[in-house]
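Report on the structure
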Amino acid sequence: MLQPILFALLLLAAFGLFAWQVRKIRANILVGRGRDMSGHAAVRFRKTLLVAFGQQKMFKRLTPAFLHLIVYVGFLVINIEVIEIVIDGLFGTHRFLGLLGPVYDGLVAVNETLGALVIIAVAAFWWRRNHQPPVRRFTGVELRAWPKLDANIILYVEVVLMAALFLMNSADLKLHRLEGRFLPGVYPVSHFLMSLLPTTNLGTLHLLERVGWWAHITGILLFLNYLPSSKHFHIILAFPNVWYSRLVPQGQFSNVESITHEVKAMMDPTYEVPTPPVGPDGSALAPTPFGAKDVEDLPWTALMNAYSCTECGRCTSVCPANLTGKLLSPRKIIMDTRDRVEEKYNSPLIFQPNIYGEEAKHEPVTDLMQATLLRGKVTPEELWACTTCNACVESCPVNINPLESIIEMRRFLVLEESAAPNSLNVMFSNIENNGAPWAFSPSDRFNWADELFVAEKVTA
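Residues numbered from 1 in each chain as written. Predicted model: local features only at pLDDT ≥ 70, side-chain atom pairs only at ≥ 80, totals over all residues. Heavy atoms only, no water.

**Structural notes on the overall build of the protein chain**
When you go through the protein chain residue by residue, the secondary structure sums to 19 helices and 0 strands. Over its C-alpha atoms the protein chain spans a radius of gyration of 29 Å, topping by over 25% the 23 Å that the globule rule assigns to 460 residues. C-alpha extents for the protein chain along the principal axes are approximately 105 × 70 × 45 Å. Within the protein chain, the proportion of its 460 residues that are buried is 43%. For the protein chain, the computed accessible surface area is about 24,400 Å², with 67% contributed by carbon and sulfur atoms. In the protein chain, 40 positive and 41 negative side-chain charges are present, and the distance between their average locations comes to 6 Å. (Helix = DSSP H or I, 4+ residues; strand = E, 2+ residues; numbered from the N terminus. Rg over C-alpha atoms; globule rule 2.2 N^0.38 Å. Buried < 20%, exposed > 50% of the residue type's maximum accessible area, 1.4 Å probe, protein only. Areas by Shrake-Rupley, 256 points an atom, 1.4 Å probe, with all protein chains shown as cover. Lys, Arg positive; Asp, Glu negative; His and termini not counted. Charge placed at Lys NZ, Arg CZ, Asp CG, Glu CD.)

Below, the structure is given as structure tokens:
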């Protein structure tokens, strides 16, 4: 009875710790502005099915898509064996799902085949990420320190988990063979690996089987609690992130509600501006700033975007501003947002926040509270380099929208600080004075037509 008790305690501790971390991340996401994302369930379900479950956007790059598909499907199928391990651990059974007969044989065979393919795919991922010269989207100022280490840690963990799985299966298979007993399942990989194990010592084989069993399930539970501190949290958040992604056309910008009311009132004298909301005590609430200066000024969906980021760099690799040498990196904008949330709200996750470079060092709380996302992490130069082409939004495999955060911070610069570049200020003045972006009065707008008519007449 000792093993079921220890296993139950392990499960309770692992899932309790994971729930604690998820609850903190949820609280961090909800510090953002409210946004109604209800309705359109059928459209959202279809989008989630295609983009999140079906990996639709991954297949714009066939090689990484194929490798990722192997790891993704392997992760889903291997979870069936995890269910069996949990049942066996809690109730003291052995290969409980073996009662499925031929179905179990097929599941185990597919499981082992995918496990071997996962090791090959992970090796390919490690080579692509670390081999010199590296792939361009795996470099950048935002991929130093923790993010670079995090990407490699998960590759090593996946190999260890697969190795523990094969150790468990091959030792169990050989043990049953030597004892003349039948082991449910078909083991195409472990059948060859068992020749590497001791041939006569049954005690050693049993010990190896237990070591593999405990290492596999303990590694999975540790991995589960590592996820909230890692970019690999997208394994979980990708699905709600795609579900709550924008359904409006990608080029459509949002309007500031208070400004919309003022414009309507100017255009229609009968229009009544809604009464500003008040607090519980009846006093007027502080006005909402135009745009975003810090993370709580962004909508909660933008903060969920930040926690869903896979740091794959597809957004930055297609950004025309980044490709021409400008500072803008959409991936950095998203990572900066996540880092700012975690440092400002002191996220008590197991590992250090996903901060890169010198910012990973501990800073006094007072300095963190005085800093902001805008200028504290993201510079105006980065923001104004954006051409709003939506290439980053289109390329993201989990429907993250960096452009929305960029626009909100630019809106703050313009409406709150009047800190637009000189070229834009000239355009604003022209619109205000001339009703158009050009430095011509309305009465001169058709001079070009008169000049063209005279030129054609002379030519004729």
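**A short note on the packing of helix α10 (residues 300-308) against helix α13 (residues 330-344)**
Two numbers describe how α10 lies on α13: the axes approach to 8 Å, and their chain directions differ by 100°. Between α10 and α13, the interaxial angle falls into the category roughly perpendicular. Listed contacts from α13 to Leu303, Asn305, Ala306 and Tyr307 of α10 are Ile334, Thr337, Arg338, Val341 and Glu342. (Axes fitted to C-alpha atoms, helices over the stretch in contact; angles between N-to-C directions. Parallel < 35°, antiparallel > 145°, perpendicular 65-115°, else oblique. Contact = heavy atoms within 4.5 Å.)

**Digging into the confidence of the model for the protein chain**
Scored by pLDDT, the protein chain comes out at a mean of 86, with 92% of its residues at no less than 70. Under a pLDDT of 50 for its full length, residues 357-366 has, in the predicted model, 8 contacts with residues more than four places off or in other chains. (pLDDT = per-residue confidence, 0-100.)

**Quick look at the nonpolar core**
By size, the foremost hydrophobic cluster in this structure holds 62 residues, and its most contacted members are Ile29, Ile217, Leu328, Ile333, Leu383 and Met409. Sequence-distant contacts of Leu328, defined by excluding residues within four places in its chain, comprise Cys319, Ala321, Asn322, Ile333, Glu382, Ala385, Cys386 and Ile406. (Core = buried A, V, L, I, M, F, W, Y, C linked by side-chain atoms within 4.5 Å.)

**Details of the environment of Met427**
Structurally, the position occupied by Met427 is in helix α18 (residues 422-434). Note on Met427: relative accessible area 27%, which makes it partly exposed. Separated by 24 residues in sequence, Met427 and Leu403 place their C-alpha atoms 22 Å apart.

**Considering the environment of Val273**
Mapped onto the secondary structure, Val273 falls in the loop between α9 (257-267) and α10. Classification of Val273 as partly exposed rests on a relative accessible area of 40%. C-alpha separation for the pair Val273 and Val263, spaced 10 residues apart in sequence, amounts to 9.9 Å.

**What to know about the packing of aromatic side chains**
In total, this model carries 6 aromatic pairs according to the counting rule given. With 4.6 Å between their ring centres and 45° between their planes, Phe53 and Phe239 make a pair best called tilted. Of this pair, Phe53 sits in helix α2 (residues 41-53) while Phe239 sits in helix α8 (residues 234-243), and the two are 186 residues apart along the sequence. Classification of Phe53 by relative accessible area gives partly exposed; the value is 47%. Ring geometry for Trp213 against Trp214: centres 5.0 Å apart, planes inclined by 80°, an arrangement best described as edge-to-face. One aromatic cluster is present, built from ring pairs that chain together Phe7, Trp213 and Trp214. A cation over a ring is seen here: Arg129 above Phe138, with NZ or CZ 4.3 Å from the ring centre. Directly above the ring of Trp213 sits Arg210, whose terminal nitrogen or CZ lies 4.7 Å from the centroid. (Phe/Tyr/Trp six-rings, centres within 6.5 Å; stacked < 30°, edge-to-face > 60°. Lys NZ or Arg CZ within 6 Å of the ring centre and 35° of its normal.)

**A look at the packing of α2 against α8**
Remark: α2 packs on α8, axes separated minimally by 8 Å, with the N-to-C direction vectors making an angle of 145°. Our pair here, α2 against α8, has a crossing hand that is right-handed. Two secondary-structure elements touch here, α2 through Ala41, Arg44, Phe45, Lys47, Thr48, Val51, Ala52 and Phe53 and α8 through Ala238, Phe239, Val242 and Trp243. (Left-handed = near helix turned anticlockwise from the far one by under 90°.)

**Structural notes on helix α1 (residues 2-29)**
In this model α1 runs 41 Å from its N-terminal to its C-terminal C-alpha over 28 residues, within 8% of the 40 Å that 1.5 Å per residue would give. For α1, every residue scored as buried is listed here: Pro4, Phe7, Leu11, Ala14, Phe18, Gln21, Ile25, Asn28 and Ile29. Buried-residue contacts for α1 involve α3 (62-91), α7 (202-226), α8, α10 and α13. (Expected span 1.5 Å × (residues − 1).)

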